[in-house]
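# Notes for the structure review
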Amino acid sequence: MSVDAWLLALDEGLQAAVGGLELLHLLEYPDCYPLPGSPPHCAVALLWEEEVLPVVDLGAWLRGREMDPLPTLAAVVQYRVDAASVNRGALVLHGPPGLIQVSNEMACELPDSPGGWALLAISCFRWQHRTVPVVDLARLYRGDLPPTGND
Amino acid sequence: MSGTHDYLAELSMDGQALLLPQPEVRLLESVLDLESDAAGGYWLMGLHGRVPVWSLDRRLAVLESPPPGRRFCALLGEDEIRFGLTVSGFRLIRAGECRLSPLPVALRGPDPVLTGVAVLGERILPLSDCAHLARRLPWPAEAVS
């Protein structure tokens, strides 16, 4: 059995995936607003459908650097927090996402580096000779990540 | 989020807006009225004695001295926590024009200075209050005592 997944470019070298129903919308040059005191990988928010969404640069967190407060591309994503509710957030992308088919046979071990994947990935698969972790979006937006995932 | 007020005060610091409940802004003075001491601190003399004044950057980190463009000092707080911030601009916003929201948890960080956000038109503005701001300031011993 195979399922849809969106392949995401987190930066020049990092890829990740989310479920086929988790990516809602793409925003080019989104209007982002800095919010003082926020974490370096989630330093801005954007307005989408009248909702304030945190903008996470997962690549920045995994590399241990600060996010660019003016991303050129962001994806609006949704994730289930419990049986009754769905939340939304935004994710910085470095290129347009691609819809792919993923099956159990493609499963593989998480990469050792960056170490942050151990906290954020719910599974991992091989695709075109690359290792692609699947992001636990609920964990990503829960607000309790360590300062960097580059340990 | 802060309690309900008829107006919010928008302070501008190097292009970064910060909203506070309007009643927490007590007075606006010119930065020309600030006094500095040998330790590098800035003060405003007022009816309640010497009030410490800080300049914050866009991330609300404390600067050593007021940067160019800070023309005003906003005197903030209640009797127990009274302090000043240098600002480049100030305006009042009718609270009814804003939609107040809690700060999404991913944006809170370990020591949040914001109490929420306000959506004003297409803009998202950070909302705080004097108690949260005061906790981040390096209070001089004289002001604490």
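Residues numbered from 1 in each chain as written. Chains lettered and ligands numbered in written order. Predicted model: local features only at pLDDT ≥ 70, side-chain atom pairs only at ≥ 80, totals over all residues. Heavy atoms only, no water.

### A word on the nonpolar core
Formed by 56 residues in total, the largest nonpolar core has its most connected members in A:Leu58, A:Trp117, A:Leu137, A:Leu140, A:Tyr141 and B:Phe83. Counting residues per element, this core draws most heavily on strand 7 (residues 73–80) of chain A, at four residues. Ignoring any residue separated from it by four or fewer positions in sequence, one finds B:Phe83 in contact with B:Val51, B:Pro52, B:Trp54, B:Ala74, B:Leu75, B:Leu76, B:Cys130, B:Leu133, B:Ala134, B:Leu137 and B:Trp139. Counting 13 residues, the second-largest nonpolar core is a separate cluster that includes A:Val44, A:Val55, A:Met67 and A:Val76. (Core = buried A, V, L, I, M, F, W, Y, C linked by side-chain atoms within 4.5 Å. Buried < 20%, exposed > 50% of the residue type's maximum accessible area, 1.4 Å probe, protein only. Helix = DSSP H or I, 4+ residues; strand = E, 2+ residues; numbered from the N terminus. Contact = heavy atoms within 4.5 Å.)

### Notes on the confidence of the model for chain B
Per-residue confidence for chain B averages 91 on the pLDDT scale, and 94% of its residues sit at or above 70. The ipTM assigned to the predicted complex is 0.92, against a pTM of 0.92. (pLDDT = per-residue confidence, 0-100.)

### Quick look at the interface of chain B and chain A
Each side of the interface is counted separately: chain B has 23 residues, and chain A has 21 residues. Regarding the contact of chain B and chain A, the summed buried area is about 1,700 Å², with carbon and sulfur atoms giving 68% of it. Contact with chain A buries area across many residues of chain B, yet B:Ala106, B:Leu107 and B:Ile124 alone supply 39% of it, more than any other trio. Applying the counting criterion to the chain B and chain A interface returns one salt bridge. Put simply, B:Arg59 and A:Glu66 hold a salt bridge, and the shortest N to O gap is 2.8 Å. (Buried area = accessible area lost by both parts, 1.4 Å probe. Salt bridge = Lys/Arg side-chain N within 4 Å of Asp/Glu carboxyl O.)

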